[in-house]
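Structure assessment
For reference, the chains in residue letters:
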Amino acid sequence: HSGFVAIVGRPNVGKSTLINEVIGQKIAIMSDKPQTTRNKIHGVYTTDNSQIVFLDTPGIHKPTSKLGDIMVKSAVSTLGEVDAALFLIDVSEGLGGGDRFIIEALKKVKTPVFLIMNKIDKIEPEALLPLIVQYKNLYDFAEVIPISALKGNNINTLLSVLSSYL
Ligand code: GDP
Ligand code: MG
């Protein structure tokens, strides 16, 4: 149950908060040293029978320059090399152009993708299901997991489901 996991999502959806929550709970190794020019290992989560390396995947968004275009392409190629990807969304913001662009990038790879619906503490529970339907219409996610990275809700479920894929 070990592997590399990329975390993708628009700015401010809670990627850093999630990594801090996961690594903060059961810290093994933390490194901010760049592993390549484009990837950073943000944390290694270790239990008795698993080791999950979380990678920060730099901005996948509509490029506005040639350099931006190269960076997006390299981020997409990273997505193709990992064992699983966590696509984080902010449930209080809904589905916008930023998320749609990332979903198009996810379609270019075969890596299993989890839809991680973050910030559930900010919405009414009834609002979740329509949002799940909307996202599922666009992409066949391997799993859908609602969490609150800030409050620490459902993080254990995320980790156990994730390690079952690795
Ligand atoms: P990143 O840009 O994706 O790395 O997002 P950050 O982790 O920096 O989070 C952006 C903001 O969202 C911060 O103010 C966080 O405290 C807040 N945030 C992250 N997760 C949650 C959550 O589950 N609930 C709420 N209410 N706020 C959150
Ligand atoms: Mg961040």
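Conventions used here
Residues numbered from 1 in each chain as written. Chains lettered and ligands numbered in written order. Predicted model: local features only at pLDDT ≥ 70, side-chain atom pairs only at ≥ 80, totals over all residues. Near = placed C-beta within 6 Å. Nonpolar A, V, L, I, M, F, W, Y, C, P; charged D, E, K, R; others polar. Buried ≥ 20, exposed ≤ 12 C-beta atoms within 10 Å, placed from the backbone. Helix = DSSP H or I, 4+ residues; strand = E, 2+ residues; numbered from the N terminus. Arc of directions from axis to C-beta. Core = buried A, V, L, I, M, F, W, Y, C linked by C-beta atoms within 7 Å. Contact = placed C-beta atoms within 7 Å. pLDDT = per-residue confidence, 0-100.

Some thoughts on the site of ligand 1
Among the 15 residues in the neighbourhood of ligand 1, the closest are listed as Gly14, Lys15, Ser16, Thr17 and Leu150. Looking at side-chain class alone, the shell around ligand 1 contains four nonpolar, seven polar and four charged residues.

Here we look at helix H3 (residues 97-106)
The α-helix winds at 3.6 residues per turn, so residues separated by three or four positions along the chain end up facing the same way. Along H3, the positions that sit buried rather than exposed are Asp99, Ile102 and Leu106. Looking down the long axis of H3, one finds its buried residues gathered within 60 degrees of arc, a one-sided arrangement. Summarising the geometry of H3, the exposed residues directed more than 90 degrees from the buried face are Gly97 and Arg100.

Here's the deal with the nonpolar core
Val5, Ile7, Ala85, Phe87 and Ile116 are the most contacted members of the largest nonpolar core, which totals 36 residues. At the level of secondary structure, the elements contributing two or more residues to this core comprise strand E1 (2-8), helix H1 (15-25), strand E4 (51-56), helix H2 (66-81), strand E5 (84-90), H3, strand E6 (113-118) and helix H5 (155-164). Here the element with the most residues in this core is E5; it accounts for six residues. Leaving out residues up to four positions away in the same chain, Val5 has contacts with Ile52, Val53, Phe54, Leu55, Val82, Asp83, Ala84, Ala85, Leu86 and Leu162.

Some words on the environment of Leu79
Within the secondary structure, Leu79 sits in helix H2. Here the alpha-carbon distance between Leu79 and Ile7, two residues 72 residues apart in the chain, equals 9.1 Å. When near neighbours in sequence (up to four residues on either side) are disregarded, Leu79 contacts Ala6, Thr57, Ala85, Ala105, Leu106, Val109 and Thr111.

Considering unusual backbone geometry
For residues besides glycine, phi is generally negative; the peptide bonds are generally trans as well. Even without being a glycine, Asn12 presents a positive backbone phi close to 75 degrees. Residue position: Asn12 is located in the loop between E1 and H1. For Asn12, a count of 11 C-beta atoms within 10 Å translates into the label exposed.

Re the confidence of the model for the chain
Summary statistics for the chain give a mean pLDDT of 87 and a share of 89% for residues scoring 70 or more. Under a pLDDT of 50 for its full length, residues 26-39 has, in the predicted model, 18 contacts with residues more than four places off or in other chains.

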